[in-house]
Amino acid sequence: MRIIVEKDYQTMSKKAALMVASQITLKPDSNLGLATGGTPLGMYDKLIEMYRDDEIDFNEVQSFNLDEYCGLKADHPNSYHHYMYQNLFNEINIQKENIHIPDGAAEDSQQECRDYEKSIKRARGIDLQILGIGSNGHIGFNEPAENLNVATEVVDLTEETIEANSRYFDSKDEVPKKAISMGMATILKADRIVLLASGKNKAEAIKKTVSGKISTQVPATLLQTHPEITILLDQEAASLINKEDLSADCHFEICE
Ligand code: F6R
C-alpha cells in the first residue's frame, strides 16, 4: 500500500488527475473505473483542463462507473449518469459507446447487474480504478455488513449513506434506498486502484482502512489485500493515521 498525503484538496486532485493521465499516456485504450460524489470533482476539473491543453486524449478510453441509484433514469438530475456527463464526459472526447454506467432504471435489475459484469470482462478488466470512501468505510455502495457482495449487485443503502447523500436532493425522502454497485471482487480485480479522501469526516474511515484489521464492517479495509493500491489524501483525511500502526511494507509519503 502506498499512502500519499497532499497539502489540501486542490493538490490532491491535481495528483489524482496526473495519475489518470499517466495511465492513459502509457496505455491509450485504458479502461478506467470511475466514482461519483464530491471527492473526485476536483480531479475531473483538472482532467478537463488537461484535455483542453492537449495533454490527454480520451478517444480510446473506456469507462466503467462504480454504481448508480436504482429507479433513477439517466436524465434524472441526481442520477450518476447525469453527474458523469455534467462533470466530465460532456467536456472530453470519450466516445459515447465506451461509457459504461449501470442502468438504475433497468426493468430487470438482476440481469442488468450480470450484463454489467460481462461488459467489464469483455473489455478485459479495469486498468485503473478510482474510488472515494464513505465516512462509514463503504466503497462503491458496498456498505458495512456481515457479508459483502462479490460481483455487481443491487444493494440497500444504509441510513448513514442516505443522510450523507441527501445533500444533493431536495429532501432525504427523495434519496433512493437502493443502488446497483460493483461488488468487492469486481473492484479488487482492477490492476491498479487509487482511493481519494478529503476532509476531517473521512479521517476515521481512513485510519481504519490503512491500519485496522480487515473487516466487512469497514469494506475499504479489504483494499489492504490489493498489490497496487494508492491512498491519496489531503492532510485532514490523513490526520488520524498513526505511522507506527502501518505495516512494514506500506510506503508513507507526505508532500509539502
Ligand atoms: C460514488 C461512490 C461512493 C462515494 C462515497 C464518497 O460513486 O461509489 O462510494 O465515493 O460515498 O462520497 P463523497 O465523495 O461525496 O464523500
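Residues numbered from 1 in each chain as written. Predicted model: local features only at pLDDT ≥ 70, side-chain atom pairs only at ≥ 80, totals over all residues. Heavy atoms only, no water.

Notes on helix H7 (residues 203-211)
In step 1: Of the positions making up H7, those classed as buried are Ala203, Ala205, Ile206, Thr209 and Val210. The buried residues of H7 occupy an angular sector of 155° when the element is viewed end-on, so they sit on one face.
In step 2: Packing partners of the buried residues in H7 comprise strand E1 (2-6), strand E9 (192-197) and strand E10 (229-234). (Buried < 20%, exposed > 50% of the residue type's maximum accessible area, 1.4 Å probe, protein only. Helix = DSSP H or I, 4+ residues; strand = E, 2+ residues; numbered from the N terminus. Arc of directions from axis to C-beta. Contact = heavy atoms within 4.5 Å.)

Examining the UniProt feature "domain: Glucosamine/galactosamine-6-phosphate isomerase" (unreviewed entry) in the protein chain
In step 1: UniProt's entry tags residues 11-226 with the feature "domain: Glucosamine/galactosamine-6-phosphate isomerase" (unreviewed entry), counted in the numbering of this structure.
In step 2: Here residues 11-226 is 33% helix and 14% strand, with 25 Å between the C-alpha atoms at its ends. (UniProt positions renumbered as here; feature names shortened; annotations may be inferred.)

Description of the site of the ligand
In step 1: Neighbouring residues of the ligand: 15 residues in total, closest Thr39, Asp67, His138, Gly140 and Lys202.
In step 2: Taking aspartate 67, its side chain carries an N or O atom lying 2.7 Å from an oxygen atom of the ligand.
In step 3: Within the side chain of lysine 202, a nitrogen or oxygen atom sits 2.6 Å from an oxygen atom of the ligand.
In step 4: In the complex, 93% of the free accessible area of the ligand, which totals 410 Å², lies under the protein chains.
In step 5: Residues belonging to the shell around the ligand are distributed by class as follows: four nonpolar, eight polar and three charged. (Near = heavy atom within 4 Å. Polar contact = N/O pair within 3.5 Å; in protein donor to acceptor, adjacent residues only side chain to side chain. Areas by Shrake-Rupley, 256 points an atom, 1.4 Å probe, with all protein chains shown as cover. Nonpolar A, V, L, I, M, F, W, Y, C, P; charged D, E, K, R; others polar.)

Thoughts on the pattern of salt bridges
In step 1: On inspection of all chains with the given rule, the structure shows 10 salt bridges.
In step 2: Across the salt bridge formed by lysine 46 and glutamate 49, the nearest N and O atoms sit 3.1 Å from each other. Residue lysine 46 and its partner glutamate 49 are both found in helix H2 (residues 41-52); the two are separated by three residues, about one turn of the helix.
In step 3: According to the relative accessible area criterion, glutamate 49 is partly exposed, its value standing at 41%.
In step 4: Taking the shortest distance from any N to any O, the salt bridge between glutamate 91 and arginine 52 comes out at 2.9 Å. One end of the pair, glutamate 91, is in the loop between helix H3 (80-87) and strand E5 (99-100); the other, arginine 52, is in helix H2, and 39 residues separate them in sequence.
In step 5: One continuous salt-bridge network, built from bridges that share partners, spans Lys27, Asp29 and Asp127. (Salt bridge = Lys/Arg side-chain N within 4 Å of Asp/Glu carboxyl O.)

A few points about unusual backbone geometry
In step 1: Positive phi, normally seen in glycine, also occurs at aspartate 54, with a value near 65°.
In step 2: Mapped onto the secondary structure, aspartate 54 falls in the loop between H2 and strand E3 (62-65).
In step 3: Here aspartate 54 falls in the exposed class, since its relative accessible area comes to 72%.

A word on the packing of H2 against H3
In step 1: Taken N-terminus to C-terminus, the directions of H2 and H3 make an angle of 40°; their axes are 10 Å apart at the nearest point. Overall, the two elements H2 and H3 adopt an arrangement that is oblique. Along its contact with H2, which presents Leu41, Tyr44 and Ile48, the element H3 presents Tyr83, Met84 and Asn87.
In step 2: Across the contact of H2 with H3, the residue classes break down as five nonpolar, one polar and no charged. (Axes fitted to C-alpha atoms, helices over the stretch in contact; angles between N-to-C directions. Parallel < 35°, antiparallel > 145°, perpendicular 65-115°, else oblique.)

Regarding the sheet that holds E10
In step 1: Ordered in space as E5-E3-E2-E6-E9-E10-E1-E11, the eight strands form an open sheet in which the pairing is parallel. If you trace the sheet from one side to the other, it starts and ends with E5 and strand E11 (251-254), each paired once.
In step 2: Sheet topology note: the E9/E10 ladder contains five bridges and is parallel. Residue pairing in the sheet places leucine 196 in a bridge with leucine 232 of E10.
In step 3: Relative to the sheet, helix H1 (residues 9-26) contacts E1, strand E2 (31-34), strand E6 (128-131), E9 and E10, its axis offset from that of E10 by approximately 155°. (Pairing = 2+ DSSP bridges.)

Some points on the pairing of E3
In step 1: Here E3 shows a buried face lined by Gln62 and Phe64 and a second buried face lined by Ser63 and Asn65.
In step 2: Between the parallel pair E2 and E3, the chain is carried across by H2, and the sense of this crossover is right-handed.
In step 3: Inspection of the sheet shows E3 paired to E5 by two bridges, in the parallel sense. Following the sheet pairing, phenylalanine 64 is matched in E5 by histidine 100. (Right-handed = clockwise from strand over helix to strand, strands pointing away.)

Some thoughts on the UniProt feature "active site" (unreviewed entry) in the protein chain
In step 1: Using the residue numbers shown here, the UniProt feature "active site" (unreviewed entry) corresponds to Asp67, Asn136, His138 and Glu143.
In step 2: As for its position among the elements, histidine 138 is in the loop between E6 and strand E7 (153-156).
In step 3: Residues in contact with histidine 138, not counting those within four places in the same chain, are Gly132, Ile133, Glu143, Pro144, Thr161 and Pro219.
In step 4: You can call glutamate 143 buried: its relative accessible area is 6%.
In step 5: Sequence-distant contacts of glutamate 143, defined by excluding residues within four places in its chain, comprise Asn136, His138, Leu148, Asp156, Leu157, Thr158, Thr161, Thr216 and Pro219.
In step 6: Here asparagine 136 takes part through its side chain, which lies 3.0 Å from a polar atom of the side chain of glutamate 143.

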